[in-house]
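The lines below spell out each chain.
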Amino acid sequence: MKQSFKNDFNIMAMLLIPIGVSINIVGFQLHNVLRLPIFLDTIGTILIGVIAGPWVALIAGLVTNLINAIFNPTFLPYALTSMAVGVGVGFLSKSGMFKTIPKTIISGIIITLIATIVSAPITVLVFGGVTGGTGSIITATFLAAGQQLWTAVLSSSIIIEIADKVISVLIVYFIVKKMSDRYLSKMNYGHLYM
């Protein structure tokens, strides 16, 4: 694992981190300004995970949430979710799970599960089930329908995350398909998508 961590951080991968973070922040700002029901704040992390590896994506996810927390402090605890997504994407990419659209959609579902497993406890334990975002409306609806808090948060998290993550992985799939082989050859996992 130590060798894998060290190998992921070549100069090209490190130069990709600010680009991925910028993509994430633009997605986050679109979510805020347009009040979208999906976050779009992991597209850059997913892109980095696909072509540069899990550990570089972990750093990109962490940095993204640290910056987003400046604008909205509720995003700080969710840095764990972004980091877990980055690592999950990196390992899925290593297995070639972003080569075709069906595999990419399956990857989006797996990433949804990762994000839900990490973020639902944060939502319940840190914020009492309500963060003030779009998910809170869905959670309130489930609570009004008689679900328990944990079930309501998990249900709303899955609904929002599946839409967000599947759209995000498909965007990344098409971005990677448009990348030149020359560029991909310089990235750790780029050769998988040439």
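What counts as what
- Residues numbered from 1 in each chain as written.
- Predicted model: local features only at pLDDT ≥ 70, side-chain atom pairs only at ≥ 80, totals over all residues.
- Heavy atoms only, no water.
- Helix = DSSP H or I, 4+ residues; strand = E, 2+ residues; numbered from the N terminus.
- Rg over C-alpha atoms; globule rule 2.2 N^0.38 Å.
- Buried < 20%, exposed > 50% of the residue type's maximum accessible area, 1.4 Å probe, protein only.
- Contact = heavy atoms within 4.5 Å.
- Core = buried A, V, L, I, M, F, W, Y, C linked by side-chain atoms within 4.5 Å.
- Expected span 1.5 Å × (residues − 1).
- Polar contact = N/O pair within 3.5 Å; in protein donor to acceptor, adjacent residues only side chain to side chain.
- Patch = residues over 30% accessible without salt bridge, like charges linked within 9 Å, V, L, I, M, F, W, Y side chains within 5 Å.
- Areas by Shrake-Rupley, 256 points an atom, 1.4 Å probe, with all protein chains shown as cover.
- Salt bridge = Lys/Arg side-chain N within 4 Å of Asp/Glu carboxyl O.
- Axes fitted to C-alpha atoms, helices over the stretch in contact; angles between N-to-C directions.
- Parallel < 35°, antiparallel > 145°, perpendicular 65-115°, else oblique.
- Left-handed = near helix turned anticlockwise from the far one by under 90°.
- Nonpolar A, V, L, I, M, F, W, Y, C, P; charged D, E, K, R; others polar.

### Regarding the overall build of the protein chain
Part 1 of the reasoning: Within the protein chain one finds nine helices and zero strands.
Part 2 of the reasoning: The helix and strand sequence of the protein chain, counted from the amino end, reads α-α-α-α-α-α-α-α-α.
Part 3 of the reasoning: Radius of gyration (C-alpha) of the protein chain: 16 Å, near the 16 Å computed for a compact globule of 194 residues.
Part 4 of the reasoning: The dimensions of the protein chain, computed from C-alpha atoms along their principal axes, are 55 × 35 × 35 Å.
Part 5 of the reasoning: Relative to its full complement of 194 residues, the protein chain shows a buried share of 46%.
Part 6 of the reasoning: For the protein chain, restricting intrachain contacts to residue pairs at least 6 apart in sequence, the fraction spanning at least 24 positions comes to 71%.

### Remarks on the side chain of Asn 24
Part 1 of the reasoning: Structurally, Asn 24 is set in helix α2 (residues 11-34).
Part 2 of the reasoning: If we ignore the near neighbours within four places in the chain, the residues touching Asn 24 are Leu 40, Asp 41, Thr 42, Ile 43, Gly 44, Thr 45, Ala 60 and Thr 64.

### Observations regarding the nonpolar core
Part 1 of the reasoning: In this structure, Val 50, Ile 51, Phe 98 and Val 176 are the most contacted members of the largest nonpolar core, which totals 31 residues.
Part 2 of the reasoning: Looking at this core, the elements with two or more residues in it are α2, α3 (43-52), α4 (54-71), α5 (79-94), α6 (101-127) and α8 (149-178).
Part 3 of the reasoning: What Ile 51 contacts, discounting residues up to four positions off in sequence, is Leu 16, Val 176, Met 179, Tyr 183, Leu 184, Met 187, Asn 188, Tyr 189 and Gly 190.

### With respect to α2
Part 1 of the reasoning: Helix length check: α2 (24 residues) gives 36 Å between terminal C-alpha atoms against 34 Å at 1.5 Å per residue, within 8%.
Part 2 of the reasoning: You can read the cap of α2 off the contacts: a side-chain oxygen lies 3.1 Å from the backbone nitrogen of Met 12, and it is on Asn 10.
Part 3 of the reasoning: Arg 35 lies just past α2 and shows a positive phi near 55°.

### A closer look at the side chain of Ser 168
Part 1 of the reasoning: With respect to the element layout, Ser 168 can be found in helix α8.
Part 2 of the reasoning: With residues near it in sequence (within four places) discarded, Ser 168 still touches Leu 40, Thr 42, Ile 43 and Ile 46.

### Notes on a nonpolar patch on the surface
Part 1 of the reasoning: Nonpolar side chains collect at one region of the surface, where Ile 101, Ile 105, Ile 109, Leu 113, Ile 117, Ile 162 and Phe 174 lie side by side and expose about 590 Å² of accessible area between them.
Part 2 of the reasoning: Taken together, the elements giving at least two residues each to the nonpolar patch come down to α6 and α8.
Part 3 of the reasoning: At five residues, α6 tops the list of elements feeding residues into the nonpolar patch.
Part 4 of the reasoning: Looking at the secondary structure, you find Ile 109 in helix α6.
Part 5 of the reasoning: What makes Ile 109 partly exposed here is its relative accessible area of 38%.

### Side note on the packing of α3 against α4
Part 1 of the reasoning: Across the interface, α3 lies against α4 with an axial gap of 8 Å and an inter-helix angle of 165°. In this view, α3 runs roughly antiparallel relative to α4, as classed from their interaxial angle. Handedness of the crossing formed by α3 with α4: right-handed. In this structure, α3 uses Thr 45, Ile 48, Gly 49 and Ala 52 to contact α4, whose residues at the interface are Val 56, Ala 57, Ala 60, Gly 61 and Thr 64.
Part 2 of the reasoning: Here the contact of α3 with α4 is composed, by residue class, of five nonpolar, four polar and no charged.

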